[in-house]
Amino acid sequence: MKQIRNFCIIAHIDHGKSTLADRLLEHTKTIGERDMMNQVLDDMDLEREKGITIKSHAIQMQYLHNGTTYIFNLIDTPGHVDFSYEVSRALAACEGALLLVDATQGIQAQTISNLYLAIDNDLEIIPIINKIDMDGAKIPEVQDQIIDLIGCKEDEILLASGKTGIGIEAILEAIVKRIPAPTGNTEAPLQALMFDSVFNSFRGIIAYFRVFNGTLKKGDKIKFVATGEEYFADEVGVLKLGMQPVNEISAGNVGYIITGIKNAKEVKVGDTITLASNPGEMIKGFEEVKPMVFAGIFPVVTEDFEELRDSMDKLQLNDASLTYELETSQALGFGFRCGFLGLLHMEIIQERLEREFNQTVITTVPNVSFHAYTTRGEKIIVNNPAQMPELTKLDRIEEPYIRAQIISLPEYIGNIMTLCLGKRGILLNQSYLTTTRVELIFEMPLTEIVFDFYDKLKSQTRGYASFDYTPIDYRESDIVKMDILLNSEKVDALSALIHRSRAQDFGRKLCEKLKELLPRQQFQIAIQAAIGAKVIARENISAMRKDVTAKCYGGDISRKRKLLEKQKEGKKRMRQIGNVEVPQEAFLAVLKLD
Amino acid sequence: MAGIYLHIPFCKKACHYCNFHFSASTRYINEMAQAIGTEAALRRRYLDEPVATIYFGGGTPSLLSVTSLQMLLQKLRDNFTITNDAEITLEANPDDINVERLHSWKMLGINRLSIGIQSFNDADLSWMNRAHNAYQALQSIVLAQRAGFSNITIDLIYGTPTLTNEQWRRNVQQAIDLNIPHLSCYALTVEPNTALHKMIENKKMPDVDEEKQSQHFELLVRWLKDAGYEHYEISNFAKPGCESRHNSSYWQGKPYLGLGPSAHSFNGTSRQWNVANNALYMQSISRSTVPFEIEHLTPMQQLNEYIMTSLRTRQGISLNHVSAQWSEVDSMALIKGAKRYIMQGNVVFVNNHLQLTRSGKLLADGIAAGLFR
Ligand SMILES: Nc1nc2c(ncn2[C@@H]2O[C@H](COP(=O)(O)OP(=O)(O)O)[C@@H](O)[C@H]2O)c(=O)[nH]1
Ligand code: SF4
C-alpha cells in the first residue's frame, strides 16, 4: 500500500489535462510512443469533439523511482458543471490532485470549485503551471493567483509543458513525495467506493472502484450497499491501456469489476461495494443524482416511437443519470419526458441518439422542476408544463435557486452584474481572488441559467469568465404557464413554464420565430402566446396566394412530380395542430431564441 | 394516339427568364437538323401507336431553313405512321415570320402556329430581352392569318414588373380582338440559372410580386371567359374545339417521342430525356447512339403524375379512370385526401371527378402534392 498513489487532475477545459495525462503514461512506459493514441483518457468521440471528458475513467501506471516501483492510479474527472457529483466521487477516491493551470489563461471558476471540493476531501494539492512553452505564458501572475488561492509557497508550484515534456519528471517525483500513500486495513470488511461505471456491449457494466478497506477477490459474492443488490465478481482487474484481470484488489488500490449487470441503473455512482458474507459500512457522501432539467423528447415521425423507446433503453444502460418516462403530447404523439443533469447533458443525449442510434428527435422547451402547492395544500412536482395545476386550484409555486460563482476580470464586473441582475440574480458577494481575478457570488433562479446564460456570459465577457453553480433551495415565485396557440388550438409541445416578467418578451419572440418557420398555408394562420385566457403576443401568417407552376408539359412532368413528392414527404413529417401543419423545425425553434 | 416533339435548340438571343436548352449560336443548325432526322430513324420503334400530333418546339424552330423542316417532316413520314389529320405545330418567333416563310410552312403541311408573342407592349418586351418588338408581334399574327393559318396559338406572360393591370388588360384584349383561337398565358417564373434569377438575387430587379400575379391570373380568367374561351388547363385557354391536341396528350398520359437535345419521351411506363448539350448530342448521334437517361415509373409514380397533370385540366381527376387504371383503394384515398380541399372551397367533386375551383387553380401544386399517394 505504501507504494500506491491515487490522484486526479483538476483543470479547466483545454488547459492541457489530456496532453499531460498522455505524457505521464509515456514517461511511465504505460504506453509506448508508437501505440500512443493521442489523448487516451477521453475515449468517446463525442467527448473529444466537445473537448470535455464526460465520464471519468481510471488508468494505472508503474513508476520506478530510486529503485522502488510505485503504482499510480490516475482517476479522470469530468469537466463540466452538469457533472459535479461525479467529480466529487472521483475526488473522494484520491489522496492527491494535480491542479493544472494554463499559464496563458490563469485560474477559472470551474477549477476553483473543483479545487475547493478537493480541499474539502483533504487531498494533497500539487499546483502545476502548464503550457509554459507558450509565448503568452504569464508565469508570475499565475503563480500569484495560485498562492492566493491555496496558500502554498512559490517553490511548491511546478512548471511544465505537456507539449514539450518540460517538468514531467518533476511532476512524477512530486506525486511520489507529496501525495500520501493510502491508508486502510486489508483485513477489515470490504469497503470500495464505486466512482464510475461504463457500459460495454459485450461485457455489460464495468464499474470502477477504489478500495478503502478489505480486499475484493475474483469470484466473491459482492453487495452494493445502497441498492442492496448482490452479484458475483466475475472479473476484477486493473486498467492499464486496456483491462487487465487480476485475482484480487486490496485496500488502497483502484480497479474495475464486472458482474454481468446489464443496466447502468443498478450501479449508482457513489455506492459502496462490500462482501455479501461480511458487509462493511456505506462510505459517506452517497447521493442519488437528481436531474435538474426536464424536456420532452419525441420522434420526428410518430411511427418511430418504438425505435426511440429502444434507443432510450439502450442509452440508459450506460448513462444512469438520464431519467425518462412516457409522455404523450397532442402535437407530437408518444415520446418521453426526460430528466437531465443540465443543458449540456441534454445536448449530449440528443447527439448520442442521433449518432449512435440514428434517431432524429424533437426536443421540447426545457424546464426545471417546480413545486406547485394547490389550494388544498397538496404539493405537486411539476416537471412538465402539462402538470401545472389549473390557476383556480393553484395556491403558489416555488422554483429552485442556485448559488452561482462567476470568476472573471475586473473590467467585466459591470456587464456580469447587468446580466445576472437581469436574470433575477441577487449579488451575495464580490471579492478579488487576486488583483486581476474577481469572484462574484449570486443567488439565482436555476431556470434563468437553463436557457442562454452561458452564451450571454461568454459574449459579455469576451470569453473571460467561468461559471459554476450549486443548487440551494426552493423559493416562492411568480411562475406562469405560457401557451402557444395556432388558430386557437393549443400546441402543448410549445408550452413553457416561465417567470411572469419574462413571458411577454419570450412569447413575442416565439411568435415571431414561428411566423418565420411555419410555411404559409391555404388559409390565414393566427399565432398567439397566452397566459391562461390572456393573449400576450400575436402574429399572423397571411394565406398563401399562389402556389402553381406555370408550365406542365412533356419535359416538366418528371421534375415537377419529384418536387411535389418531396413536398409531400416533407408534409408527412409535419405535425398537424388543428388545421395547421407545423414542421419539426418549429418545435426546435424555441431552443434557439435569443 | 401518340405525339412527336422535336426540340430545335437555337435562339437569336437569350430571353432573361428562359431556362430552356438552346444555344445562341446558330452555326450548326443544319447539322443539328440532320442529327435530329437521324435520331428519328434510330427511334422508329419507340411508339407503337399512330402519330396524331407533331410539334416543333425549342429553342426557336422558326430559325430552321425550309429545307431542313422539309427533310425532318419527310423523315417522320418515312419512319412513323402519321394520321392524315395530324396536328402539326411549329413554334415561331414574331421576328422570324414573313410572308415567304409562312407560305413555305403552309406548303410543308404545318397546320398550326404557336407564336411567341409574350406581350404587345414594348417596355415589357425589352424588359424580357425578347428579340422582337410590339409592332412585329402584331404584324406576325396578321400576316399568319392572311397566309391562311387559322389555328394559331400565342404565348403571353403576365406578372412582370413592367406590366400594370391595365396593360395586361390591353394585351389580352388585343389577342381577343385578333380572334386568336388559343392562348397560353404564363405567370412570369423565376427559374434557377437564368439571367432573371441572377438579377433578382443581386437586387437589380424586384422579386416577382405574387399578389400582382394572382390578380393578373384572376382577371385573365374572367376576361377570357367573357370572350368565349374555355379555360381547359391552368395556363391554356381555347375557343371551343381549338384545344391543343399536342399539349393535351401530355396531360392525358399519352405516349410521346421527343427528338433532339434535352427532349423528353414517355412510353407509358418510363420517361427518358436526351442529353441537354448540342455537341454531345450530335457526336453521339453520329455514332448511331441516342444519348439519354431513363427513369422507370412505378405504378404509384404513374398515378402521381396523373394526379398532378389531370388536376390542372378542366376535366380534373377522373376517379373512374383511377379505379380502372390503378385501384379502388387509390380512388377512395383520393376522395378522402380531397376532403380538406373541398371544405376549403378549393376543389369540387362533380361527376366522379375532382376539379379545381377558381381559387383552387392558384393553389394547384400544393393540392396535387397533398393528393399524392
Ligand atoms: N503550447 C502548448 N500547448 C498545449 C500544452 N498542453 C496542451 N496543449 C494544447 O492545448 C489544447 C488542449 O489540450 P488538452 O490536453 O486537450 O486539454 P484538456 O481539455 O484539458 O484535456 C490542445 O490543443 C493541446 O495541444 C502545452 O504544454 N503547451
Ligand atoms: S426564344 Fe424562347 S427558347 Fe429562346 S430564349 Fe427566348 S424564351 Fe427561351
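None of the values given here were measured: they were computed from a predicted structure.

Caption draft 1: Inspection of the overall build of chain A at higher detail. Within chain A, the regular secondary structure consists of 14 helices and 33 strands. Buried positions account for 57% of the 594 residues belonging to chain A. Within chain A, counting contacts between residues at least 6 apart in sequence, those at least 24 apart form 69% of the total. Of the roughly 25000 Å² of accessible surface on chain A, 48% is carried by carbon and sulfur atoms.

Caption draft 2: Here's a closer look at the overall build of chain B. From N to C terminus, chain B includes 15 helices and 15 strands. Across the 373 residues in chain B, those meeting the buried criterion constitute 57%. For chain B, long-range pairs separated by at least 24 residues make up 69% of all intrachain contacts whose partners lie at least 6 apart in sequence. Summing over all exposed atoms, chain B offers an accessible surface of approximately 15500 Å²; the carbon and sulfur share of this is 50%.

Caption draft 3: Representation of the interface of chain A and chain B. Contact residues are listed per partner, giving 27 residues for chain A and 48 residues for chain B. Overall, the association of chain A and chain B removes approximately 3300 Å² of surface from exposure, summing both partners, and the carbon and sulfur fraction of that is 51%. Applying the counting criterion to the chain A and chain B interface returns 9 salt bridges. The salt bridge partner of Arg 520 of chain A is Glu 210 of chain B, with a shortest N-O separation of 2.7 Å. If you look at where chain A meets chain B, you find 25 residue pairs in polar contact (both at pLDDT 80 or more). Taken together, the residues of the side of chain A that touches chain B break down into 8 nonpolar, 6 polar and 13 charged.

Caption draft 4: Seen up close, the confidence of the model for chain A. Across chain A, the average pLDDT comes to 87, with 94% of residues at or above 70. Taken together, the stretch residues 46–56 of chain A has pLDDT below 50 and engages in 44 contacts with residues farther than four places along the chain or on a different chain.

Caption draft 5: Molecular detail of the sheet that holds strand E15 (residues 353–356) of chain B. Residue and element names in this part refer to chain B. Pairing in this open sheet of 3 strands is antiparallel, and the strands run E13-E15-E14 from one edge to the other. The open sheet terminates on both sides in strands that have one partner only, identified here as strand E13 (317–318) and strand E14 (347–350). Sheet topology note: the E14/E15 ladder contains 4 bridges and is antiparallel. Following the sheet pairing, Val 347 is matched in E15 by Leu 356.

Caption draft 6: Here's a closer look at the UniProt feature "binding site: GTP" (unreviewed entry) in chain A. Residue and element names in this part refer to chain A. Under the local residue numbering, the UniProt record ascribes the feature "binding site: GTP" (unreviewed entry) to Asp 14, His 15, Gly 16, Lys 17, Ser 18, Thr 19, Asn 130, Lys 131, Ile 132 and Asp 133. Mapped onto the elements of the fold, Lys 17 is located in helix H1 (residues 17–27). The residue Thr 19 is located in helix H1 in this model. You can call Thr 19 partly exposed: its relative accessible area is 26%.

Caption draft 7: Examining the sheet that holds strand E12 (residues 235–239) of chain A more closely. Residue and element names in this part refer to chain A. Reading across from one edge, E11-E10-E16-E7-E8-E15-E12-E13 is the order of the 8 strands in this open sheet, with antiparallel pairing throughout. Both edges of this open sheet fall to strand E11 (230–232) and strand E13 (243–246), since each of them pairs with a single strand only. Ignoring strand direction, the axes of neighbouring strands in this sheet form an average angle of 40°. With 3 bridges connecting them, strand E10 (residues 221–224) and E11 associate as antiparallel partners. If you follow Lys 223 over to E11, its bridge partner there is Glu 230.

Reading guide: rules and limits
Residues numbered from 1 in each chain as written. Chains lettered and ligands numbered in written order. Predicted model: local features only at pLDDT ≥ 70, side-chain atom pairs only at ≥ 80, totals over all residues. Heavy atoms only, no water. Helix = DSSP H or I, 4+ residues; strand = E, 2+ residues; numbered from the N terminus. Buried < 20%, exposed > 50% of the residue type's maximum accessible area, 1.4 Å probe, protein only. Contact = heavy atoms within 4.5 Å. Areas by Shrake-Rupley, 256 points an atom, 1.4 Å probe, with all protein chains shown as cover. Buried area = accessible area lost by both parts, 1.4 Å probe. Salt bridge = Lys/Arg side-chain N within 4 Å of Asp/Glu carboxyl O. Polar contact = N/O pair within 3.5 Å; in protein donor to acceptor, adjacent residues only side chain to side chain. Nonpolar A, V, L, I, M, F, W, Y, C, P; charged D, E, K, R; others polar. pLDDT = per-residue confidence, 0-100. Pairing = 2+ DSSP bridges. UniProt positions renumbered as here; feature names shortened; annotations may be inferred. Axes fitted to C-alpha atoms, helices over the stretch in contact; angles between N-to-C directions.

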